[in-house]
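Residue-level listing of the chains:
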Amino acid sequence: MKGLALGLPAYLIGVHLWTWVFMASFYLGGHSDFRQIYAAAQMVRTGEASHLYDPVAQDRAQNKFVGVDRIIPFIRPAYELLLFLPLTFLSYLQAYFVLLATNLLLLCLVYRLMRPKMENLARIYPWLPAAMLLAFLPIAIALIEGQDSVLLLLLFATAMACMDRGRETLAGVLVGLGMFKFQLTIPLALIFLLWRRWDVVKGILLSAVPVAAISIWMVGFEQIRLYIRWLLLMAQPSPRMDVYPLMTINRMMNLHGLVFGILGSNVSPFWIAAITIVASAIVILRLARIRPCGPDAFLYALLASAVLSYYLFFHDSSSLFIPIAIALDRFVAKEASSDRRGKTVFRLAALLFVFPLLISYVPKYLSLATLPLLGLLFCWQAYGSAGCRAAILTTQTKSTTTGTHMSA
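Residues numbered from 1 in each chain as written. Predicted model: local features only at pLDDT ≥ 70, side-chain atom pairs only at ≥ 80, totals over all residues. Heavy atoms only, no water.

Describing the packing of helix α5 (residues 92-114) against helix α7 (residues 128-135)
Point 1. At a minimum axis distance of 11 Å, the contact between α5 and α7 shows a crossing angle of 135°. It follows that α5 is oblique to α7 by the angle criterion. Classified by chirality, the crossing of α7 by α5 is right-handed. For the pair α5 and α7, contact is made by Leu107, Val110 and Tyr111 and by Pro129, Ala130 and Leu133, respectively.
Point 2. Looking at the contact of α5 with α7 residue by residue, the classes come out as six nonpolar, no polar and no charged. (Axes fitted to C-alpha atoms, helices over the stretch in contact; angles between N-to-C directions. Helix = DSSP H or I, 4+ residues; strand = E, 2+ residues; numbered from the N terminus. Parallel < 35°, antiparallel > 145°, perpendicular 65-115°, else oblique. Left-handed = near helix turned anticlockwise from the far one by under 90°. Contact = heavy atoms within 4.5 Å. Nonpolar A, V, L, I, M, F, W, Y, C, P; charged D, E, K, R; others polar.)

Next comes the structure, spelled out in C-alpha cells:
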C-alpha cells in the first residue's frame, strides 16, 4: 500500500509537469479554454452583452481580444462574468496568469477544508493528501486550461463542511452559487428534492433564482432563447453550430457519454438521447428509494450529479475529487480486513482516481469511468445505509435497556 501511495501520485504529478512543459506555448498562445471566458467578459465590459450568445459575435470577440483561432463557445450563465470583469483590464496573457494564481489559492483553501477528512491517508505519508489533490488529473487540466472548475470545487467543499455542521441551508446557498456549472448543480438540486432535504433545496433556490435573474437582466430574453438553443445543439452536428463534435461525447464520464460510447454511430442521435433518458430515469428512481442519513448524503449526491449530468467536460470532473478522496481515506483500512464491502468501495474509489489517465492514452474510452462511478455511488450508499441501520438499532437497544433499568 505504501509503495502504491508513493509511486502513483508522483507519476500523475509527472504527467501534469510533462503537459505544462510541452503544451505551455499552445495554451499561452490563446488556445486554452480561458479564451472563451476572457472574450465573453470583454463583451460585457464593452457593452456587447446583448449579443453574448451569438456565435458570430463570440467569434469576432475572441479573435479581437485573444487572437485568431477557431471559436470556443461560451455556454455559461452570464452572471459568472461579473467575477472576471477585473481581468478584462489586463492583457489575455496577464489575465491567464492572474487566474492561474487565483486557482492555486483556491486549491489551498480546498486543501484546508479537505485535510481533516484525510487523516487516514496522512498516516501513510503526511504529504499524501496534498499530493493527491495535485495529482487528480481533472484538477490539473482545469488549471492549465484556465477553467472555473476549481471555483466550483471550492464551493462544493465549503458546502460539504456546512453539511457536516448541520447548516444545510447555507450549504444549499453555496451549491446554488455554482449554477455556472448548472449541468452539475441542477442534478444536485433534483437529488436533494427527491430525498426531501428541504433546507438544502431552499438554500439552492435562495441563490440560484437571483443569479438566474441577473443573467437574464444582463443579456435579455432573446439571448436566453439563443443560449438554450446552443445547449440543445451541443455535441450534435449542425450547419451553423458544429462546434462540439459527436466524438467528444464518449469522453464524458456520465450516462450520456457511456451510452454513446457503447452504441456510437450505430444508432441515431434520437435513440442515444432516448436511451440516456431511460437510463437516467432508472438511476433517479433508485436514488429516490434511498434516504441517506447524515452529511454523507452530499457525497452521494456529488457522485450522482456527475452520472446524471447533461454534459461533463473533463475538467468538470474536478468536483469528484471530494467523494473519491473521502472514500479512499475512510475505507483504506478495509484492505487489511475481511470486510468485502469496504474493500469494494475502496477499490472502486482507487480506480476512479486513476481512471482519468485514459484521457492521455485512449480518450475515446473515458466514458467507461461511468461504470465504477455508479458502482461507487451505490456500493458506498449501501454500506452507509447498513451502518445507519446498525447505529439506530444500537441506540434503540440502549434506550430499551436504560428504560428497563429505570423501571426496575
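Details of unusual backbone geometry
Point 1. Phi at Arg196 is positive, roughly 60°, even though this residue is not glycine.
Point 2. Considering the arrangement of structural elements, one finds Arg196 in the loop between α11 (182-194) and α12 (198-219).
Point 3. For Arg196, a relative accessible area of 54% corresponds to the exposed category. (Buried < 20%, exposed > 50% of the residue type's maximum accessible area, 1.4 Å probe, protein only.)

Digging into α7
Point 1. By the criterion of burial, α7 is predominantly enclosed, with six of the eight residues buried.
Point 2. Residues of α7 that are buried include every one of Leu128, Pro129, Ala131, Met132, Leu133 and Ala135, and no others.

Comments concerning the environment of Ser309
Point 1. By secondary structure assignment, the location of Ser309 is in the loop between α16 (296-308) and α17 (321-331).
Point 2. Using a relative accessible area of 3% as the deciding quantity, one classes Ser309 as buried.
Point 3. Distance in space between the C-alpha atoms of Ser309 and Ser280 is 9.3 Å, their sequence separation being 29 residues.
Point 4. In contact with Ser309, other than residues within four places in its own chain, are Gln183, Leu184, Pro187 and Asn254.

Comments concerning the packing of aromatic side chains
Two aromatic rings are characterised by how far apart their centres lie and by the angle between their planes.
Point 1. Here the structure, examined in full by the defined rule, presents 20 aromatic pairs.
Point 2. Feature note: the residues Phe34, Tyr38, Tyr92, Tyr96 and Phe97 constitute an aromatic cluster, connected by ring pairs.
Point 3. One residue, Arg45, lies across the ring of Phe89, its end atom 4.5 Å from the ring centre. (Phe/Tyr/Trp six-rings, centres within 6.5 Å; stacked < 30°, edge-to-face > 60°. Lys NZ or Arg CZ within 6 Å of the ring centre and 35° of its normal.)

Things to note about helix α9 (residues 149-164)
Point 1. Its 16 residues place the ends of α9 23 Å apart at the C-alpha level, agreeing with the 22 Å of an ideal helix rising 1.5 Å per residue.
Point 2. Counting buried positions over the 16 residues of α9 gives 13, a clear majority of the element.
Point 3. Downstream of α9 by one or two residues, Gly166 has phi in the positive range, about 80°. (Expected span 1.5 Å × (residues − 1).)

Overview of the confidence of the model for the chain
Point 1. Averaged over every residue, the pLDDT of the chain is 86; residues scoring 70 or more account for 85%.
Point 2. Contacts of residues 237-242 to residues separated by more than four positions or lying in other chains number 11 contacts, the stretch itself having pLDDT below 50.
Point 3. Taken as a whole, residues 390-400 scores under 50 in pLDDT and shows zero contacts with residues more than four places along the chain or in a different chain. (pLDDT = per-residue confidence, 0-100.)

As for the nonpolar core
The nonpolar side chains of soluble globular proteins are, as a tendency, buried together.
Point 1. By size, the foremost hydrophobic cluster in this structure holds 126 residues, and its most contacted members are Phe34, Phe192, Leu287, Phe321, Ile322 and Trp380.
Point 2. The residues touching Ile322, leaving out its near neighbours within four places in the chain, are Met114, Leu153, Phe156, Ala157, Met160, Leu299 and Leu302. (Core = buried A, V, L, I, M, F, W, Y, C linked by side-chain atoms within 4.5 Å.)

Quick word on the packing of α9 against α16
Point 1. Relative orientation of the contacting elements α9 and α16 amounts to 150°, with a least axis distance of 9 Å. One element, α9, and the other, α16, form an angle in the roughly antiparallel class. From α9, Phe156, Ala159, Met160 and Met163 reach across to α16, where they touch Phe298, Leu299 and Leu302.

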